[in-house]
Amino acid sequence: MPNFWYPRSTTGRTFPLWESNLGERKYSGVERISALMPFPSSFSNAIGSNTVTATSANVGQLIFPCPIDVLSFSYNIGGAGNADSVMRFSLYTVDGATQIFNVTDASAAATGVRTVSISPNQYLAAGPYYMLYCLSSGTTAPAISIHGTNGAFATGASGQPDLEGVLTVSGGAAPATIDPTALTTPGSERTLWCRFDGVV
């Protein structure tokens with residue numbers, strides 16, 4: 001039996017790590033989950049699909065119920081784009097002030113589930129985030145599967161964040177920050193339907 005426990009570094013974690021004088025370790029909570037499908041603020045099943053452009057991005061809030069150390073995420077193409085299609089995906093903190101990852105996928109004319117690697121892997125604490133996706137380059141984006149959400153509550157009151165909407169972008173690039181209070185075209189489904197896989 002250890003004589004005493006003392007706290008260790010909590011860098012990148014929302015719960016403390018403890019280690020005994022004999023080298024035993026334990027966490028005061030679930031360390032992380034290895035796979036999950038985050039859900040939108042207004043939960044429902046997947047609904048149809050939505051097409052974006054290189055100047056108009058969809059943005060939606062995703063809720064992560066557990067921590068995950070992300071290695072990849074997957075999304076679904078319901079209708080093929082042109083052979084030159086490249087999609088862009090960017091994840092932000094809930095205030096939009098920090099871009100966590102910014103990646104592309106040469107989706108071409110593919111359909112079905114696509115998996116995109118995140119390197120280096122990114123540790124996400126439980127909580128809300130915003131996912132942006134748009135056409136990075138190419139002629140026509142594929143139709144991306146999205147969540148059906150309650151559009152009536154997508155728009156925030158004055159000064160409050162929108163839960164989903166459209167953001168104007170330039171040349172298929174994701175901005176370094178976003179303003180969740182300034183999304184446009186609320187009331188229509190925009191939140192990406194996706195799965196995240198992480199370190200086991």
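Residues numbered from 1 in each chain as written. Predicted model: local features only at pLDDT ≥ 70, side-chain atom pairs only at ≥ 80, totals over all residues. Heavy atoms only, no water.

## Notes on unusual backbone geometry
Line of reasoning, step 1. Between Ser 119 and the following residue, Pro 120, the backbone shows a cis peptide bond with an omega angle of 0°.
Line of reasoning, step 2. Relative to the elements of secondary structure, Pro 120 occurs in strand S11 (residues 112-124).
Line of reasoning, step 3. Located in the positive-phi region is Ala 108, a residue other than glycine, with phi close to 50°.
Line of reasoning, step 4. Judged by its relative accessible area of 26%, Ala 108 falls in the partly exposed class. (Helix = DSSP H or I, 4+ residues; strand = E, 2+ residues; numbered from the N terminus. Buried < 20%, exposed > 50% of the residue type's maximum accessible area, 1.4 Å probe, protein only.)

## Concerning the packing of aromatic side chains
The geometry of an aromatic ring pair is captured by the separation of the ring centres together with the interplanar angle, meaning the angle of the planes.
Line of reasoning, step 1. Scanning the model with the defined rule gives eight aromatic pairs in all.
Line of reasoning, step 2. Note on Phe 73 and Phe 89: the rings are 5.1 Å apart at their centroids and 70° apart in plane angle, and the pair reads as edge-to-face. With Phe 73 in strand S8 (residues 68-79) and Phe 89 in strand S9 (residues 86-93), this residue pair connects regions lying 16 residues apart in the sequence.
Line of reasoning, step 3. For Phe 73, a relative accessible area of 0% corresponds to the buried category.
Line of reasoning, step 4. With a relative accessible area of 0%, Phe 89 lands in the buried category. (Phe/Tyr/Trp six-rings, centres within 6.5 Å; stacked < 30°, edge-to-face > 60°.)

## Regarding the pairing of S9
Line of reasoning, step 1. A large share of S9 lies buried, amounting to seven of its eight residues.
Line of reasoning, step 2. Here S9 pairs with strand S12 (residues 127-137) via eight bridges, running antiparallel. Bridged to Thr 93 within S12 is Tyr 129.
Line of reasoning, step 3. Both S9 and strand S10 (residues 99-105) contribute to a ladder of six bridges, which runs antiparallel. (Pairing = 2+ DSSP bridges.)

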